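One letter stands for each residue in the lines below.
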Amino acid sequence: MLQTQPQLHNSCFKVVGTPKIYINPRLGKIDLTKPFTDEQALLWYKDINFPYIKPIPGAEELLSKEKVETIIKLIHKAHSPEEIAVLKASKPDSKKIKEL
């Protein structure tokens, strides 16, 4: 069976600041100087609250697959109104998120 390689693009996340290579004790090398997949960025963003990437409009579909509780935690850790807006838009029907 032929396996397809993940598409490298940054359609859901943007790099904040100067792209660099970071070493995370848990996840290892995070190289923001090279293209990365949205799935990689989501992992970095939600699991370690990586401050050098942020979701952008269009990330709602990817984020909508996450649990409401995860989105609420990310909203509490968000650093900008734009980031909060994208996170809230990922779960537009959630009463818990509307109350934040």
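Look a little higher up for the structure.
Residues numbered from 1 in each chain as written. Predicted model: local features only at pLDDT ≥ 70, side-chain atom pairs only at ≥ 80, totals over all residues. Heavy atoms only, no water.

Let us now look at the nonpolar core. F13, L32, I53 and L87 are the most contacted members of the largest nonpolar core, which totals 23 residues. Broken down by secondary-structure element, the contributors of at least two residues to this core are α1 (38-48), α2 (60-63), α3 (68-77) and α4 (81-89). For I53, the residues in contact, after removing those within four places along its chain, are F13, K14, V15, V16, L32, F36, A41, W44 and Y45. (Core = buried A, V, L, I, M, F, W, Y, C linked by side-chain atoms within 4.5 Å. Buried < 20%, exposed > 50% of the residue type's maximum accessible area, 1.4 Å probe, protein only. Helix = DSSP H or I, 4+ residues; strand = E, 2+ residues; numbered from the N terminus. Contact = heavy atoms within 4.5 Å.)

Looking now at the environment of K96. Tracing the chain through its elements places K96 in helix α5 (residues 95-98). Distance from K96 to D38, taken between C-alpha atoms, is 26 Å for residues 58 residues apart in sequence.

For the structure shown, the criterion picks out five salt bridges. One salt bridge in this structure joins D31 and K34, with 4.0 Å as the shortest N-O distance. (Salt bridge = Lys/Arg side-chain N within 4 Å of Asp/Glu carboxyl O.)

Here we come to α3. Among all positions of α3, only I71, I72, L74 and I75 are buried. All buried residues of α3 fall inside an arc of 165 degrees around its axis, so they share one side. Exposed side chains of α3 directed beyond 90 degrees from the buried face belong to K73 and H76. The inward-facing, buried residues of α3 abut α1, α2, α4 and α5. (Arc of directions from axis to C-beta.)

A few words now on the packing of aromatic side chains. Scanning all chains against the criterion turns up six aromatic pairs. Taken together, a centroid distance of 4.4 Å and an interplanar angle of 10 degrees make the contact between Y22 and Y52 stacked. In this pair, Y22 sits in strand β2 (residues 21-24) while Y52 sits in the loop between α1 and β4 (53-55), placing the two residues 30 residues apart along the sequence. For Y22, a relative accessible area of 17% puts it in the buried group. The class for Y52 is partly exposed, based on a relative accessible area of 32%. One aromatic cluster in this structure is built from Y22, F36, W44, F50 and Y52. (Phe/Tyr/Trp six-rings, centres within 6.5 Å; stacked < 30°, edge-to-face > 60°.)

What follows covers the environment of I84. Summarising the element assignment, I84 is placed in helix α4. For the pair I84 and I71, spaced 13 residues apart in the sequence, the C-alpha separation amounts to 9.6 Å. Residues contacting I84, with those up to four places away along its chain left out, are I75 and A78.

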